[in-house]
Amino acid sequence: MRARFSFSLMLALDFDIYLIDEGMPSSTDVDFNRKAGEILRERLRTTTVVIVSHQPDVLQKFASEAAVLAGGQLHMFDSLEEAKELYDYETQG
């Protein structure tokens, strides 16, 4: 419930940049997820949104580009597909 409230509050306010660090709610409330997704997509069209996530489905829904970090260093900034391939290779050997 707290994650939903925080996420809703963040999207209710207008910012120049949104930073979402593993903050995407994984609610079983389908209606909430749909509304939150619609609002986030709107923000993606009008402002900068940075999403930090290890959830591929979240990134697939909301990102077209991605950065891969390791040891505090940027290894790649490219299309989501290219970044996912490198991330999978680095983490799964």
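Up top is the structure.
Residues numbered from 1 in each chain as written. Predicted model: local features only at pLDDT ≥ 70, side-chain atom pairs only at ≥ 80, totals over all residues. Heavy atoms only, no water.

Peer 1: Explain the overall build of the protein chain to me, please; I cannot follow it from the model alone.
Peer 2: Helix and strand counts for the protein chain come out as 4 helices and 4 strands. Its C-alpha atoms put the protein chain at 40 × 30 × 20 Å along the principal axes. The buried share of the protein chain, reckoned over its 93 residues, is 28%. The long-range share in the protein chain, meaning contacts at least 24 apart out of those at least 6 apart in sequence, stands at 43%. For the protein chain, the distance from the average site of its 9 positive side-chain charges to the average site of its 16 negative ones is 11 Å. (Helix = DSSP H or I, 4+ residues; strand = E, 2+ residues; numbered from the N terminus. Buried < 20%, exposed > 50% of the residue type's maximum accessible area, 1.4 Å probe, protein only. Contact = heavy atoms within 4.5 Å. Lys, Arg positive; Asp, Glu negative; His and termini not counted. Charge placed at Lys NZ, Arg CZ, Asp CG, Glu CD.)

Peer 1: Where do I start with the pattern of salt bridges in this structure?
Peer 2: For side chains of opposite charge, pairing can occur when their charged atoms come near one another. Following the criterion strictly, the structure yields 6 salt bridges and no others. In this structure, Asp31 and Arg34 form a salt bridge, with 2.7 Å as the shortest nitrogen-oxygen distance. Here the residue Asp31 and the residue Arg34 both occupy positions in helix H2 (residues 30-46), the gap between them amounting to 3 residues, near one helical turn. Overall, Arg34 belongs to the partly exposed group, its relative accessible area being 42%. For Asp88, the salt bridge identified is with Lys84, shortest N-O distance 2.7 Å. In this pair, Asp88 and Lys84 both sit in helix H4 (residues 80-92), 4 residues apart, roughly one turn of the helix. (Salt bridge = Lys/Arg side-chain N within 4 Å of Asp/Glu carboxyl O.)

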